[in-house]
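Examining the three-dimensional arrangement
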Amino acid sequence: MRGRLLQPDQIDEAAALLRGGGLVAFATETVYGLGADATDPGAVARVFAAKGRPSFDPLIVHAADPGSAWGLADLDEVPAAAKPLADEFWPGPLTLVLPKTHAVPGIVTSGLDTVGLRVPGHALARELIRRAGVPVAAPSANAFGGISPTRAEHVAVPCDAVLDGGPCMTGVESTVVGFADDGTPTLLRPGGTAAEAIEAALGRPLASPDPAGGDDRPRSPGMLARHYAPRTPLQYVARIERLSPAELGGRRVGLLSLRGEAGRGMGFSSIEALSPRGDLVEAASNLFDAMHRLDAAGLDLIVAEAVPDTGLGRAINDRLRRAATPAA
Ligand code: TXA
Ligand code: MG
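Procedures and definitions
- Residues numbered from 1 in each chain as written.
- Chains lettered and ligands numbered in written order.
- Predicted model: local features only at pLDDT ≥ 70, side-chain atom pairs only at ≥ 80, totals over all residues.
- Heavy atoms only, no water.
- 1 Å grid on protein atoms, 1.4 Å probe; cavity = no way out; pocket = protein on both sides within 12 Å on 5 of 7 lines; lining within 4 Å.
- Points joined across faces, edges and corners; volume = space filled by probe spheres on them.
- Nonpolar A, V, L, I, M, F, W, Y, C, P; charged D, E, K, R; others polar.
- Core = buried A, V, L, I, M, F, W, Y, C linked by side-chain atoms within 4.5 Å.
- Buried < 20%, exposed > 50% of the residue type's maximum accessible area, 1.4 Å probe, protein only.
- Helix = DSSP H or I, 4+ residues; strand = E, 2+ residues; numbered from the N terminus.
- Contact = heavy atoms within 4.5 Å.
- Pairing = 2+ DSSP bridges.
- Axes fitted to C-alpha atoms, helices over the stretch in contact; angles between N-to-C directions.
- Phe/Tyr/Trp six-rings, centres within 6.5 Å; stacked < 30°, edge-to-face > 60°.
- Polar contact = N/O pair within 3.5 Å; in protein donor to acceptor, adjacent residues only side chain to side chain.
- Parallel < 35°, antiparallel > 145°, perpendicular 65-115°, else oblique.
- Left-handed = near helix turned anticlockwise from the far one by under 90°.

The next thing to look at is the layout of surface pockets. Taken as a whole, the second largest pocket spans an internal volume of roughly 370 Å³. Forming the boundary of the second largest pocket are 16 residues, of which Gly146, Ile147, Arg231, His292 and Asp295 lie nearest the centre. For the lining of the second largest pocket, the class distribution of residues is 10 nonpolar, four polar and two charged.

Counting residues in each nonpolar core, the largest one holds 48 residues, and the members touching the most others are Leu34, Leu85, Trp90 and Leu96. Residue assignment for this core shows that the elements contributing at least two residues are β3 (33-37), α2 (41-51), α3 (66-70), α4 (82-89), β5 (94-99), β6 (114-118), β9 (175-179) and α6 (195-202). Per-element accounting of this core gives the leading share, five residues, to α2. Residues within four places of Leu85 in sequence aside, it is in contact with Trp90, Leu94, Leu96, Val177, Phe179, Ile198, Ala201 and Leu202. Counting residues in each nonpolar core, the second largest holds 27 residues, with Tyr228, Leu234, Ala283 and Ala284 among its members.

So, on to empty space enclosed by the protein. In the structure shown here, the tally under the stated rule is one cavity of 30 Å³ or more. Reported here for the largest cavity is a volume of approximately 40 Å³. The wall of the largest cavity is formed by Pro190, Gly191, Thr193, Ala194, Ala195, Glu196, Gly311, Arg314 and Ala315. Elements supplying a minimum of two residues to the lining of the largest cavity: α6 and α9 (313-323). Looking at the lining of the largest cavity residue by residue, the class counts come to four nonpolar, three polar and two charged.

Turning our eyes to something else, we now look at the sheet that holds strand β11 (residues 234-237). Strands sit in the order β11-β14-β12-β13 across an open sheet of four strands; the sheet is parallel. With partners counted over all chains shown, the strands left at the sheet margins are β11 and β13 (270-273), one partner each. On average, adjacent strands in this sheet sit at an angle of 20° to one another, irrespective of strand direction. Here β11 pairs with strand β14 (residues 301-305) via four bridges, running parallel. Along β14, the bridge assignment pairs Tyr236 with Ala304. Lying over the sheet, helix α8 (residues 280-295) contacts β12 (253-257), β13 and β14, oriented at roughly 175° with respect to β12. Sitting on the sheet, α9 is in contact with β11, β12 and β14, with an inclination near 135° to β11.

Tracing the sequence through the fold places Thr170 in the loop between β8 (161-163) and β9. With residues near it in sequence (within four places) discarded, Thr170 still touches Glu29, Thr30, Pro93, Gly192, Ala284 and Ser285.

Taken as a whole and judged by the stated rule, the model has two aromatic pairs. Ring centres of Trp70 and Trp90 lie 5.7 Å apart, and the angle between their planes is 50°; this geometry places the pair in the tilted category. Of the two residues, Trp70 is situated in helix α3 and Trp90 in the loop between α4 and β5; the sequence distance between them amounts to 20 residues. The pair formed by Trp70 and Trp90 is uniform in burial state, with each residue classed as buried.

This brings us to the side chain of Ser140. Along the polypeptide, Ser140 turns up in the loop between β7 (136-137) and β8. Of note is the side chain of Ser140, whose polar atom sits 2.6 Å from the side chain of Asn142. Non-local contacts of Ser140, meaning those with residues more than four positions away in its chain, are made with Val31, Tyr32, Gly33, Leu34, Lys51, Ser148 and Glu173.

Sheet architecture is open: 10 strands sit in the order β1-β8-β2-β3-β7-β4-β6-β5-β9-β10, paired in mixed fashion. Looking at which strands have only one partner, the edges of the open sheet turn out to be β1 (4-6) and β10 (185-189). Bridge analysis of strand β4 (residues 60-62) against β7 gives two bridges, and the strand direction is antiparallel. By the bridge assignment, Val61 is partnered in β7 with Ala137. Each of β5 and β9 is contacted by α4, which is oriented at about 150° to β5, the strand it contacts most.

Bringing the packing of helix α1 (residues 11-19) against helix α5 (residues 123-132) into the picture now. The geometry of α1 relative to α5 is characterised by a closest axis approach of 8 Å and an angle of 55° between their N-to-C directions. When the axes of α1 and α5 are compared, the pair comes out oblique. Note on packing geometry: the crossing formed by α1 with α5 is right-handed. Contact residues: Ile11, Asp12, Ala14, Ala15, Leu18 and Arg19 in α1; Leu124, Glu127, Leu128, Arg131 and Ala132 in α5. For the contact of α1 with α5, the class distribution of residues is seven nonpolar, no polar and four charged.

Next comes the structure, spelled out in structure tokens:
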């Protein structure tokens, strides 16, 4: 169940729907978002309902340009490290969690006094937001916990329209960076901007979130252990060479791996190679697409092999780990 498919030349219809409080799924460079006017609490409530998303998981607000994004942040309270990151990586797959102004209703941020802000790298997304004339709150356009959509046809949540912007180039969600009370930049979610590139821009390493947390709310609720999960059981393994043929015997098992070649001759029913030449950027762009295909293949099990844990490989391994079925 989902809304009418709109082509880029119908962008004004999509913008009018957003302005009128409707829900529009739209392409960004990372994944398709399920957008609503961020200043309209009723529209934002419908986003949570459409996804079946718990109200404690805050939404990212998307702006058409950096100036509009800064307009939603409390500039007196913004940590010094935020500005150089925005200058370097906006537009692009980086979300900065910053102190918010009153323009952002509490339902967007689940009551937090910070808001996740991002300027998407996809020109059609920026144009949609510009024409809507409002900031757009948008989680990934999948049912809560499911696989993120990287093509218009993946969008399966109820909405008024889907604006087709083609396949997503980056393919994994934005990197989310927050700031500790003392301003220390912290990696809340690995994603489409490599942590190494952010650290190079900062001239210092990113901190990890304090696992103890300050209160009982998750630091970045999207970091819930199970997420991005296919319906088919998924096993995440360091190396498939460690699987015995007996483990595969008699079952329809699919393989998701970087190059795919090590799985040949092991009896897999289907193999998805994310990047036969081993390019992690290409692999990220294929990740959710490959997961969607394997999930539709009628398999008993998906085996996903870890990729090298550098660059976008970190985001890929993070998503695979969270897609894995917990051991019984
Ligand atoms: O690439 C993306 O970020 C995509 C596209 C559509 O822009 N959006 C996306 O949204 O991935 P979503 O809702 O699936 O993930 C948002 C993440 C969650 O982990 C959420 O907890 C975190 O951002 N987040 C948002 N606002 C936050 C805040 N104020 N404090 C901490 N974490 C926040
Ligand atoms: Mg999501």
